[in-house]
Amino acid sequence: MSQDKFYQTPSQTVGPYFAYGLTPKQYLYNFPSIADGNLIINDEVSGERITISGQVYDGNGHLIPDAMIELWQADAEGNYSKDLSMFHGFGRLGTGTIKDSKFEFQTIKPGRVDGQAPHINVIVFMRGQLTHTYTRLYFSDETEANSQDPVLQSVEEDRRNTLLATKTIRPDGTTCYVFNIYMQGPNETVFFDV
Amino acid sequence: MSQNKRDWDVQPPFLYPDYKSTVLRAPSRPLVPIKHTLSELTGPVYGHDLIRPFDNDLTMNARVNGAPLGERIIVAGKVTDERGRPISNTLVELWQANASGRYVHKVDQHDAPLDPNFFGGGRCLTDSEGNYKFYTIKPGAYPWGNHPKAWRPNHIHFSLFGNQITSRLVTQMYFPGDPLLDYDPVFQGVPEKYRHLLISNFDLGVTEQDFAIGFRFDMVLRGDNETPFENR
(Lines give C-alpha, C1' and ligand atoms only; values in the text may rest on other atoms or scores of the structure.)
Protein backbone atom coordinates (compact mmCIF):
# COMPACT_ATOMS: atom_id res chain seq x y z
CA MET A 1 0.00 0.00 0.00
CA SER A 2 1.40 3.36 -0.92
CA GLN A 3 -1.51 5.66 -0.30
CA ASP A 4 -0.96 8.90 1.58
CA LYS A 5 -4.51 9.29 2.73
CA PHE A 6 -6.70 6.53 4.04
CA TYR A 7 -10.32 7.46 4.44
CA GLN A 8 -12.07 6.69 7.69
CA THR A 9 -14.25 3.63 7.45
CA PRO A 10 -17.83 4.93 7.41
CA SER A 11 -19.92 4.14 10.45
CA GLN A 12 -23.06 1.99 10.23
CA THR A 13 -25.81 1.44 12.74
CA VAL A 14 -25.36 -1.07 15.54
CA GLY A 15 -28.82 -2.30 14.51
CA PRO A 16 -31.45 -4.00 16.62
CA TYR A 17 -29.60 -7.29 17.16
CA PHE A 18 -26.33 -6.29 18.82
CA ALA A 19 -27.11 -7.94 22.15
CA TYR A 20 -25.63 -11.40 21.64
CA GLY A 21 -22.47 -9.94 20.11
CA LEU A 22 -21.76 -6.91 22.27
CA THR A 23 -23.67 -7.39 25.54
CA PRO A 24 -24.15 -11.18 25.67
CA LYS A 25 -23.84 -11.69 29.41
CA GLN A 26 -26.44 -9.03 30.21
CA TYR A 27 -28.88 -10.58 27.72
CA LEU A 28 -28.14 -14.13 28.97
CA TYR A 29 -26.39 -15.48 25.90
CA ASN A 30 -23.75 -18.13 26.31
CA PHE A 31 -20.80 -15.92 25.40
CA PRO A 32 -18.67 -13.81 27.76
CA SER A 33 -18.90 -10.02 27.68
CA ILE A 34 -15.89 -7.73 27.44
CA ALA A 35 -17.67 -5.20 29.65
CA ASP A 36 -20.98 -4.84 31.42
CA GLY A 37 -22.75 -2.60 33.90
CA ASN A 38 -20.34 -3.17 36.76
CA LEU A 39 -17.12 -1.20 36.48
CA ILE A 40 -15.87 -2.21 39.92
CA ILE A 41 -13.69 -5.28 39.46
CA ASN A 42 -12.23 -5.47 42.96
CA ASP A 43 -14.20 -4.29 45.99
CA GLU A 44 -10.99 -2.92 47.48
CA VAL A 45 -10.83 -0.16 44.90
CA SER A 46 -11.08 3.28 46.48
CA GLY A 47 -13.79 5.75 45.59
CA GLU A 48 -17.38 6.64 46.28
CA ARG A 49 -19.75 3.91 45.10
CA ILE A 50 -22.46 5.24 42.84
CA THR A 51 -25.12 4.00 40.48
CA ILE A 52 -25.63 5.70 37.13
CA SER A 53 -29.17 5.12 36.00
CA GLY A 54 -31.10 6.49 33.07
CA GLN A 55 -33.35 6.04 30.10
CA VAL A 56 -33.13 7.05 26.46
CA TYR A 57 -36.02 8.87 24.76
CA ASP A 58 -36.82 9.33 21.08
CA GLY A 59 -38.31 12.41 19.44
CA ASN A 60 -41.85 11.39 20.41
CA GLY A 61 -40.88 11.04 24.05
CA HIS A 62 -41.02 7.25 23.86
CA LEU A 63 -38.50 5.09 25.67
CA ILE A 64 -35.89 3.44 23.47
CA PRO A 65 -35.56 -0.24 24.42
CA ASP A 66 -32.77 -1.15 22.00
CA ALA A 67 -30.06 1.42 22.65
CA MET A 68 -26.56 0.55 23.82
CA ILE A 69 -24.77 2.87 26.24
CA GLU A 70 -21.03 2.88 26.82
CA LEU A 71 -19.19 4.73 29.59
CA TRP A 72 -15.56 5.73 29.70
CA GLN A 73 -14.39 7.31 32.92
CA ALA A 74 -11.44 7.98 35.18
CA ASP A 75 -10.98 6.36 38.58
CA ALA A 76 -11.42 8.21 41.88
CA GLU A 77 -7.95 9.75 41.54
CA GLY A 78 -8.73 11.08 38.06
CA ASN A 79 -6.62 8.55 36.20
CA TYR A 80 -7.68 6.65 33.11
CA SER A 81 -6.35 3.32 34.23
CA LYS A 82 -5.26 0.52 31.96
CA ASP A 83 -5.09 -1.86 34.91
CA LEU A 84 -8.23 -3.95 34.74
CA SER A 85 -7.61 -5.76 38.03
CA MET A 86 -9.27 -3.16 40.26
CA PHE A 87 -11.47 -0.91 38.20
CA HIS A 88 -12.57 -0.99 34.59
CA GLY A 89 -13.14 2.54 33.35
CA PHE A 90 -15.27 1.17 30.53
CA GLY A 91 -18.85 -0.03 30.86
CA ARG A 92 -21.42 -1.18 28.35
CA LEU A 93 -25.13 -1.92 28.70
CA GLY A 94 -28.14 -2.31 26.45
CA THR A 95 -31.46 -0.80 27.48
CA GLY A 96 -33.38 -4.01 26.85
CA THR A 97 -33.16 -6.00 30.09
CA ILE A 98 -34.21 -3.69 32.93
CA LYS A 99 -37.83 -2.61 33.39
CA ASP A 100 -38.79 0.61 31.61
CA SER A 101 -35.76 0.38 29.29
CA LYS A 102 -33.32 1.54 31.95
CA PHE A 103 -29.57 1.29 32.06
CA GLU A 104 -27.92 0.99 35.48
CA PHE A 105 -24.17 1.08 35.93
CA GLN A 106 -22.43 0.33 39.21
CA THR A 107 -19.27 2.40 39.38
CA ILE A 108 -17.25 4.89 41.40
CA LYS A 109 -17.42 8.62 41.10
CA PRO A 110 -14.55 9.76 38.91
CA GLY A 111 -11.98 12.25 40.12
CA ARG A 112 -11.00 15.41 38.29
CA VAL A 113 -8.97 14.98 35.10
CA ASP A 114 -6.69 17.84 34.05
CA GLY A 115 -8.64 20.30 36.14
CA GLN A 116 -11.96 19.42 34.56
CA ALA A 117 -15.03 18.79 36.69
CA PRO A 118 -15.68 15.11 37.36
CA HIS A 119 -17.38 13.67 34.31
CA ILE A 120 -17.99 10.49 32.36
CA ASN A 121 -17.85 10.10 28.60
CA VAL A 122 -21.07 8.53 27.36
CA ILE A 123 -21.45 6.96 23.92
CA VAL A 124 -24.89 6.17 22.57
CA PHE A 125 -25.56 3.57 19.87
CA MET A 126 -28.90 2.41 18.52
CA ARG A 127 -30.91 1.25 15.59
CA GLY A 128 -31.73 4.44 13.73
CA GLN A 129 -28.31 5.95 14.32
CA LEU A 130 -25.97 5.49 11.39
CA THR A 131 -23.25 7.03 13.54
CA HIS A 132 -22.96 6.85 17.32
CA THR A 133 -23.27 9.97 19.45
CA TYR A 134 -20.98 11.22 22.19
CA THR A 135 -22.08 13.12 25.25
CA ARG A 136 -20.72 13.80 28.72
CA LEU A 137 -22.23 13.18 32.12
CA TYR A 138 -21.51 15.73 34.84
CA PHE A 139 -22.63 15.53 38.47
CA SER A 140 -25.36 17.81 39.80
CA ASP A 141 -23.66 18.20 43.19
CA GLU A 142 -20.37 19.48 41.76
CA THR A 143 -21.61 23.04 41.34
CA GLU A 144 -18.27 24.69 41.97
CA ALA A 145 -16.24 22.40 39.71
CA ASN A 146 -18.92 22.48 37.02
CA SER A 147 -18.85 26.28 36.96
CA GLN A 148 -15.16 26.16 36.00
CA ASP A 149 -15.26 23.25 33.56
CA PRO A 150 -14.20 24.46 30.11
CA VAL A 151 -16.26 21.90 28.19
CA LEU A 152 -19.43 22.41 30.20
CA GLN A 153 -19.03 26.18 30.08
CA SER A 154 -18.63 26.03 26.29
CA VAL A 155 -22.21 24.76 26.05
CA GLU A 156 -25.04 27.27 25.80
CA GLU A 157 -26.22 28.00 29.32
CA ASP A 158 -29.79 26.82 28.79
CA ARG A 159 -28.62 23.42 27.55
CA ARG A 160 -26.03 22.65 30.24
CA ASN A 161 -28.63 20.98 32.45
CA THR A 162 -28.98 18.19 29.85
CA LEU A 163 -25.48 17.07 30.87
CA LEU A 164 -26.11 17.04 34.60
CA ALA A 165 -26.87 13.74 36.31
CA THR A 166 -29.19 14.34 39.24
CA LYS A 167 -28.09 13.02 42.60
CA THR A 168 -30.65 10.91 44.46
CA ILE A 169 -30.39 8.76 47.57
CA ARG A 170 -32.12 5.43 47.20
CA PRO A 171 -34.17 3.80 49.99
CA ASP A 172 -31.23 1.49 50.73
CA GLY A 173 -29.02 4.51 51.35
CA THR A 174 -26.95 4.20 48.18
CA THR A 175 -26.26 7.10 45.86
CA CYS A 176 -27.73 7.08 42.38
CA TYR A 177 -27.20 9.69 39.70
CA VAL A 178 -30.00 9.80 37.17
CA PHE A 179 -28.94 10.66 33.64
CA ASN A 180 -31.63 10.56 30.98
CA ILE A 181 -30.75 10.99 27.33
CA TYR A 182 -33.12 12.80 24.99
CA MET A 183 -32.36 12.35 21.31
CA GLN A 184 -34.65 15.23 20.34
CA GLY A 185 -37.17 17.65 21.83
CA PRO A 186 -36.98 20.63 24.19
CA ASN A 187 -34.56 18.80 26.49
CA GLU A 188 -32.44 17.37 23.67
CA THR A 189 -29.18 16.18 25.14
CA VAL A 190 -26.05 18.01 24.07
CA PHE A 191 -23.96 15.78 21.82
CA PHE A 192 -20.37 16.64 21.08
CA ASP A 193 -18.40 16.58 17.85
CA VAL A 194 -15.52 14.82 19.55
CA MET B 1 -1.78 15.77 21.08
CA SER B 2 -5.15 15.99 19.43
CA GLN B 3 -7.01 13.77 17.07
CA ASN B 4 -8.60 13.97 13.67
CA LYS B 5 -12.28 14.76 13.70
CA ARG B 6 -14.90 12.53 12.26
CA ASP B 7 -14.75 13.10 8.52
CA TRP B 8 -18.27 14.20 7.69
CA ASP B 9 -17.57 13.88 3.96
CA VAL B 10 -17.24 10.16 4.56
CA GLN B 11 -19.47 9.47 7.56
CA PRO B 12 -23.24 9.14 7.18
CA PRO B 13 -25.42 11.90 8.60
CA PHE B 14 -27.54 11.36 11.69
CA LEU B 15 -30.76 12.09 9.84
CA TYR B 16 -31.29 10.03 6.71
CA PRO B 17 -35.07 9.90 6.21
CA ASP B 18 -35.01 6.90 3.85
CA TYR B 19 -33.81 4.95 6.89
CA LYS B 20 -37.01 5.60 8.75
CA SER B 21 -35.92 5.05 12.33
CA THR B 22 -33.39 7.89 12.03
CA VAL B 23 -36.27 10.36 11.98
CA LEU B 24 -37.02 10.18 15.71
CA ARG B 25 -33.56 9.16 16.84
CA ALA B 26 -31.23 11.63 15.12
CA PRO B 27 -30.12 14.62 17.18
CA SER B 28 -31.79 17.71 15.71
CA ARG B 29 -29.35 20.27 17.08
CA PRO B 30 -25.82 20.68 15.74
CA LEU B 31 -23.08 18.80 17.55
CA VAL B 32 -21.17 20.99 19.99
CA PRO B 33 -17.45 21.24 19.22
CA ILE B 34 -15.11 20.03 21.90
CA LYS B 35 -11.39 20.50 22.44
CA HIS B 36 -9.87 17.12 23.13
CA THR B 37 -8.73 16.40 26.66
CA LEU B 38 -7.32 13.27 28.22
CA SER B 39 -10.92 12.08 28.42
CA GLU B 40 -11.13 11.89 24.63
CA LEU B 41 -7.55 10.75 24.00
CA THR B 42 -7.66 7.64 26.15
CA GLY B 43 -9.66 4.47 25.80
CA PRO B 44 -10.08 0.95 27.12
CA VAL B 45 -7.30 -1.52 26.44
CA TYR B 46 -7.90 -5.24 26.13
CA GLY B 47 -5.33 -7.98 26.22
CA HIS B 48 -4.93 -11.49 24.93
CA ASP B 49 -6.26 -12.93 28.17
CA LEU B 50 -9.70 -11.88 26.97
CA ILE B 51 -9.61 -14.02 23.84
CA ARG B 52 -10.46 -17.71 24.08
CA PRO B 53 -9.62 -20.39 21.54
CA PHE B 54 -12.09 -20.26 18.63
CA ASP B 55 -13.38 -16.81 19.54
CA ASN B 56 -12.40 -15.81 15.99
CA ASP B 57 -13.84 -18.98 14.45
CA LEU B 58 -17.61 -18.82 14.20
CA THR B 59 -17.65 -22.17 12.41
CA MET B 60 -16.36 -23.76 15.61
CA ASN B 61 -17.39 -21.64 18.58
CA ALA B 62 -20.96 -22.87 18.94
CA ARG B 63 -20.90 -26.46 17.73
CA VAL B 64 -23.39 -28.77 19.39
CA ASN B 65 -23.60 -31.77 17.10
CA GLY B 66 -21.80 -30.79 13.91
CA ALA B 67 -20.65 -28.00 11.66
CA PRO B 68 -22.90 -25.02 10.98
CA LEU B 69 -24.72 -24.95 7.64
CA GLY B 70 -23.82 -22.51 4.93
CA GLU B 71 -20.89 -21.33 2.88
CA ARG B 72 -17.72 -21.24 4.96
CA ILE B 73 -15.75 -18.02 4.42
CA ILE B 74 -12.74 -16.19 5.78
CA VAL B 75 -12.92 -12.48 6.51
CA ALA B 76 -9.56 -10.84 7.06
CA GLY B 77 -8.04 -7.41 6.83
CA LYS B 78 -5.90 -4.75 8.33
CA VAL B 79 -6.86 -2.03 10.77
CA THR B 80 -4.96 1.21 10.30
CA ASP B 81 -5.20 4.89 11.08
CA GLU B 82 -5.69 7.54 8.41
CA ARG B 83 -2.01 7.50 7.56
CA GLY B 84 -2.07 3.77 6.97
CA ARG B 85 -0.19 2.98 10.16
CA PRO B 86 -1.31 -0.32 11.65
CA ILE B 87 -3.35 -0.35 14.83
CA SER B 88 -2.04 -3.34 16.69
CA ASN B 89 -3.58 -5.27 19.56
CA THR B 90 -6.96 -3.63 19.27
CA LEU B 91 -10.15 -5.50 19.93
CA VAL B 92 -12.35 -6.42 16.95
CA GLU B 93 -15.85 -7.65 17.79
CA LEU B 94 -18.09 -9.17 15.16
CA TRP B 95 -21.68 -10.40 14.96
CA GLN B 96 -23.90 -11.56 12.12
CA ALA B 97 -26.91 -13.55 10.98
CA ASN B 98 -26.60 -17.21 10.06
CA ALA B 99 -26.62 -18.59 6.51
CA SER B 100 -30.42 -18.39 6.45
CA GLY B 101 -30.52 -14.74 7.41
CA ARG B 102 -31.59 -15.36 10.99
CA TYR B 103 -30.00 -13.81 14.08
CA VAL B 104 -29.71 -15.67 17.35
CA HIS B 105 -31.15 -12.53 18.98
CA LYS B 106 -34.40 -13.31 20.78
CA VAL B 107 -36.19 -10.35 19.22
CA ASP B 108 -35.48 -11.55 15.67
CA GLN B 109 -38.69 -13.25 14.60
CA HIS B 110 -37.84 -13.65 10.92
CA ASP B 111 -39.27 -16.99 9.77
CA ALA B 112 -35.97 -18.56 8.77
CA PRO B 113 -34.31 -21.42 10.63
CA LEU B 114 -31.89 -21.02 13.48
CA ASP B 115 -28.79 -23.18 13.23
CA PRO B 116 -28.07 -25.06 16.45
CA ASN B 117 -24.39 -25.09 15.55
CA PHE B 118 -24.04 -21.39 14.82
CA PHE B 119 -24.05 -18.51 17.30
CA GLY B 120 -22.84 -15.63 15.15
CA GLY B 121 -20.68 -13.70 17.61
CA GLY B 122 -16.90 -13.57 17.77
CA ARG B 123 -13.90 -11.42 18.64
CA CYS B 124 -10.17 -11.18 18.20
CA LEU B 125 -7.27 -8.79 18.66
CA THR B 126 -5.34 -7.37 15.74
CA ASP B 127 -1.76 -8.58 15.55
CA SER B 128 1.36 -6.41 15.63
CA GLU B 129 0.71 -5.38 12.00
CA GLY B 130 -2.92 -4.55 12.58
CA ASN B 131 -4.22 -7.70 10.92
CA TYR B 132 -7.29 -9.62 11.98
CA LYS B 133 -8.91 -12.80 10.67
CA PHE B 134 -12.23 -14.53 11.24
CA TYR B 135 -13.54 -17.86 10.02
CA THR B 136 -17.29 -17.78 9.63
CA ILE B 137 -20.33 -18.62 7.49
CA LYS B 138 -21.56 -16.24 4.82
CA PRO B 139 -24.58 -14.51 6.36
CA GLY B 140 -27.92 -14.56 4.55
CA ALA B 141 -30.07 -11.58 3.62
CA TYR B 142 -33.15 -10.94 5.72
CA PRO B 143 -36.28 -8.81 5.46
CA TRP B 144 -37.00 -5.82 7.66
CA GLY B 145 -39.83 -3.37 8.02
CA ASN B 146 -38.30 -0.16 6.69
CA HIS B 147 -40.25 -0.17 3.43
CA PRO B 148 -42.13 -2.72 1.27
CA LYS B 149 -39.91 -5.62 0.22
CA ALA B 150 -37.00 -4.26 2.19
CA TRP B 151 -34.21 -6.81 2.59
CA ARG B 152 -30.89 -6.10 4.23
CA PRO B 153 -27.95 -7.07 2.02
CA ASN B 154 -25.66 -9.77 3.37
CA HIS B 155 -23.54 -8.08 6.01
CA ILE B 156 -21.33 -8.60 9.01
CA HIS B 157 -21.32 -6.17 11.94
CA PHE B 158 -18.00 -4.96 13.31
CA SER B 159 -17.12 -3.04 16.47
CA LEU B 160 -13.64 -1.61 17.10
CA PHE B 161 -11.95 0.60 19.67
CA GLY B 162 -8.61 1.77 18.32
CA ASN B 163 -6.37 3.75 20.63
CA GLN B 164 -8.80 6.35 21.93
CA ILE B 165 -12.45 6.44 22.80
CA THR B 166 -12.84 8.86 19.91
CA SER B 167 -11.61 6.28 17.39
CA ARG B 168 -14.49 4.00 18.33
CA LEU B 169 -16.11 2.49 15.23
CA VAL B 170 -19.22 0.38 14.73
CA THR B 171 -19.82 -0.53 11.12
CA GLN B 172 -21.05 -3.20 8.72
CA MET B 173 -19.14 -5.05 6.02
CA TYR B 174 -20.89 -5.96 2.78
CA PHE B 175 -20.11 -8.38 -0.04
CA PRO B 176 -19.16 -7.49 -3.61
CA GLY B 177 -21.88 -7.57 -6.25
CA ASP B 178 -24.84 -7.70 -3.88
CA PRO B 179 -27.87 -6.33 -5.77
CA LEU B 180 -29.59 -5.39 -2.51
CA LEU B 181 -27.02 -2.67 -1.81
CA ASP B 182 -28.80 -0.35 -4.25
CA TYR B 183 -31.97 -0.55 -2.16
CA ASP B 184 -30.56 -0.52 1.35
CA PRO B 185 -30.91 2.83 3.13
CA VAL B 186 -28.40 1.88 5.80
CA PHE B 187 -25.70 1.42 3.16
CA GLN B 188 -27.03 4.28 1.04
CA GLY B 189 -26.83 6.59 4.04
CA VAL B 190 -23.09 6.78 3.46
CA PRO B 191 -22.11 9.51 0.96
CA GLU B 192 -21.98 7.85 -2.47
CA LYS B 193 -18.31 8.48 -3.10
CA TYR B 194 -17.30 6.48 -0.04
CA ARG B 195 -19.78 3.60 -0.02
CA HIS B 196 -17.23 1.31 -1.62
CA LEU B 197 -15.23 1.49 1.61
CA LEU B 198 -17.83 -0.81 3.19
CA ILE B 199 -17.70 -3.51 0.51
CA SER B 200 -15.25 -6.33 1.05
CA ASN B 201 -13.21 -7.73 -1.83
CA PHE B 202 -12.88 -11.34 -2.82
CA ASP B 203 -9.23 -12.13 -2.14
CA LEU B 204 -7.34 -15.15 -3.40
CA GLY B 205 -4.61 -14.52 -0.86
CA VAL B 206 -7.06 -14.87 1.99
CA THR B 207 -8.71 -17.89 0.39
CA GLU B 208 -7.61 -21.28 1.74
CA GLN B 209 -7.20 -24.28 -0.57
CA ASP B 210 -10.08 -26.78 -0.39
CA PHE B 211 -11.47 -25.01 2.66
CA ALA B 212 -13.00 -21.56 2.28
CA ILE B 213 -12.99 -18.51 0.03
CA GLY B 214 -11.64 -15.31 1.50
CA PHE B 215 -12.85 -11.74 1.64
CA ARG B 216 -10.64 -8.83 2.54
CA PHE B 217 -12.03 -5.92 4.53
CA ASP B 218 -9.61 -3.26 5.73
CA MET B 219 -10.78 -0.72 8.26
CA VAL B 220 -9.46 2.76 8.93
CA LEU B 221 -9.92 4.40 12.31
CA ARG B 222 -9.45 8.03 13.19
CA GLY B 223 -5.86 8.80 14.00
CA ASP B 224 -4.01 11.64 15.64
CA ASN B 225 -3.16 14.55 13.41
CA GLU B 226 0.29 15.30 14.76
CA THR B 227 3.60 14.37 13.22
CA PRO B 228 3.80 10.59 13.10
CA PHE B 229 5.52 8.93 16.01
CA GLU B 230 5.60 5.39 17.20
CA ASN B 231 4.69 3.76 20.49
CA ARG B 232 1.96 6.14 21.31
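These numbers come from a predicted model, not from an experiment. (Residues numbered from 1 in each chain as written. Chains lettered and ligands numbered in written order. Predicted model: local features only at pLDDT ≥ 70, side-chain atom pairs only at ≥ 80, totals over all residues. Heavy atoms only, no water.)

With that settled, consider the overall build of chain B. When you go through chain B residue by residue, the secondary structure sums to two helices and 12 strands. Tracing chain B from N to C terminus, the helices and strands come up as β-α-β-β-β-β-β-β-β-β-α-β-β-β. Relative to the globule expectation of 17 Å for 232 residues, the C-alpha radius of gyration of chain B, 18 Å, shows essentially globular dimensions. Seen through its principal axes, chain B has C-alpha atoms that stretch 50 × 40 × 30 Å. Residues counted as buried form 57% of the 232 residues belonging to chain B. (Helix = DSSP H or I, 4+ residues; strand = E, 2+ residues; numbered from the N terminus. Rg over C-alpha atoms; globule rule 2.2 N^0.38 Å. Buried < 20%, exposed > 50% of the residue type's maximum accessible area, 1.4 Å probe, protein only.)

Our next topic: the confidence of the model for chain B. In this model, chain B carries a mean pLDDT of 94, and residues with pLDDT of at least 70 account for 96%. Confidence drops under pLDDT 50 across residues 227-232 of chain B; counting only partners more than four residues distant or on other chains, this segment forms nine contacts. (pLDDT = per-residue confidence, 0-100. Contact = heavy atoms within 4.5 Å.)

A few words now on the sheet that holds strand S9 (residues 169-174) of chain B. Residues and elements named next belong to chain B. Reading across from one edge, S4-S3-S8-S9 is the order of the four strands in this open sheet, with antiparallel pairing throughout. This sheet does not close on itself; its edge strands, each paired only once, are strand S4 (121-125) and S9. Strand-to-strand twist of the sheet, defined as the mean angle between neighbouring strand axes without regard to direction, takes the value 25 degrees. Here five bridges tie strand S3 (residues 91-96) to S4, and the two strands are oriented antiparallel to one another. (Pairing = 2+ DSSP bridges. Axes fitted to C-alpha atoms, helices over the stretch in contact; angles between N-to-C directions.)

The next point concerns a nonpolar patch on the surface. Together, Phe 202, Leu 204 and Ile 213 of chain B line one region of the surface with nonpolar side chains, adding up to about 300 Å² of accessible area. Mapped onto the elements of the fold, Phe 202 of chain B is located in strand S10 (residues 201-202). (Patch = residues over 30% accessible without salt bridge, like charges linked within 9 Å, V, L, I, M, F, W, Y side chains within 5 Å. Areas by Shrake-Rupley, 256 points an atom, 1.4 Å probe, with all protein chains shown as cover. Salt bridge = Lys/Arg side-chain N within 4 Å of Asp/Glu carboxyl O.)

Residue and element names in this part refer to chain A. Positive phi outside glycine occurs at Asp 100, with the angle close to 60 degrees. With respect to the element layout, Asp 100 can be found in the loop between strand S3 (90-94) and strand S4 (102-108). Among the residues examined, Asp 100 registers a relative accessible area of 39% and is labelled partly exposed. Of note, Asp 114 is a non-glycine position whose phi angle comes to about 50 degrees, a positive value. You can see Asp 114 is positioned in the loop between S4 and strand S5 (119-126). When its relative accessible area of 60% is taken as the criterion, Asp 114 is described as exposed.

Further remarks concern the interface of chain B and chain A. The accessible area lost on association of the parts is a frequent measure of interface size. Of the residues lining the interface, 85 residues belong to chain B; the matching set on chain A comes to 73 residues. At the junction of chain B with chain A, the criterion picks out five salt bridges. For Glu 156 of chain A, the salt bridge identified is with Arg 29 of chain B, shortest N-O distance 3.7 Å. Counting residues per element, the side of chain B that touches chain A draws most heavily on S9 of chain B, at five residues. With two bridges joining them, strand S10 (residues 192-193) of chain A and strand S1 (residues 32-33) of chain B adopt parallel strand pairing. Note on S1 of chain B: the bridge partner recorded for Asp 193 of chain A is Pro 33 of chain B.

Among the nonpolar cores identified, the biggest contains 44 residues, and Phe 18, Phe 90 and Phe 192 of chain A together with Trp 95 of chain B are the most heavily contacted of them. The set of elements that each furnish at least two residues to this core consists of helix H1 (19-22), strand S2 (67-73), S5, strand S6 (133-139) and helix H3 (150-153) of chain A together with S3 of chain B. In this view, Phe 18 of chain A contacts Thr 23, Tyr 27, Asp 66, Ala 67, Met 68 and Gly 94 of chain A together with Trp 95 and His 105 of chain B; residues no more than four positions away in its chain are not counted. Core analysis: the next-biggest nonpolar cluster, separate from the first, contains 33 residues, Tyr 19, Cys 124, Leu 160 and Phe 215 of chain B among them. (Core = buried A, V, L, I, M, F, W, Y, C linked by side-chain atoms within 4.5 Å.)

Below, the discussion takes up the pattern of salt bridges. Inspection of the entire model under this criterion finds 18 salt bridges over all chains. Close ionic contact of Lys 133 of chain B with Glu 208 of chain B constitutes a salt bridge, the shortest N to O distance being 3.6 Å. Remark: Glu 208 of chain B occurs in the loop between S10 and strand S11 (213-216) and Lys 133 of chain B occurs in strand S5 (residues 131-137); sequence separation between them is 75 residues. Glu 208 of chain B gets classed as partly exposed once you look at its relative accessible area, which sits at 26%. If you follow the salt bridges from partner to partner, you end up with Glu 70 and Arg 92 of chain A together with Glu 93 and Arg 168 of chain B in one network.

The two faces of the sheet receive side chains in turn, since in a regular strand these alternate between them. All names here are of chain B. The buried fraction of strand S2 (residues 72-80) is high, at eight of nine residues. With seven bridges connecting them, S2 and S5 associate as antiparallel partners. Counted as the bridge partner of Ile 73 is Thr 136 from S5. The pairing of S2 with S11 spans four bridges and is classified as parallel. Paired with Ile 74 across the two strands is Gly 214, which belongs to S11. In this sheet, strand S12 (residues 219-220) lies alongside S2 in parallel orientation, the contact comprising two bridges. Within S12, the residue paired with Val 79 across the bridge is Met 219.

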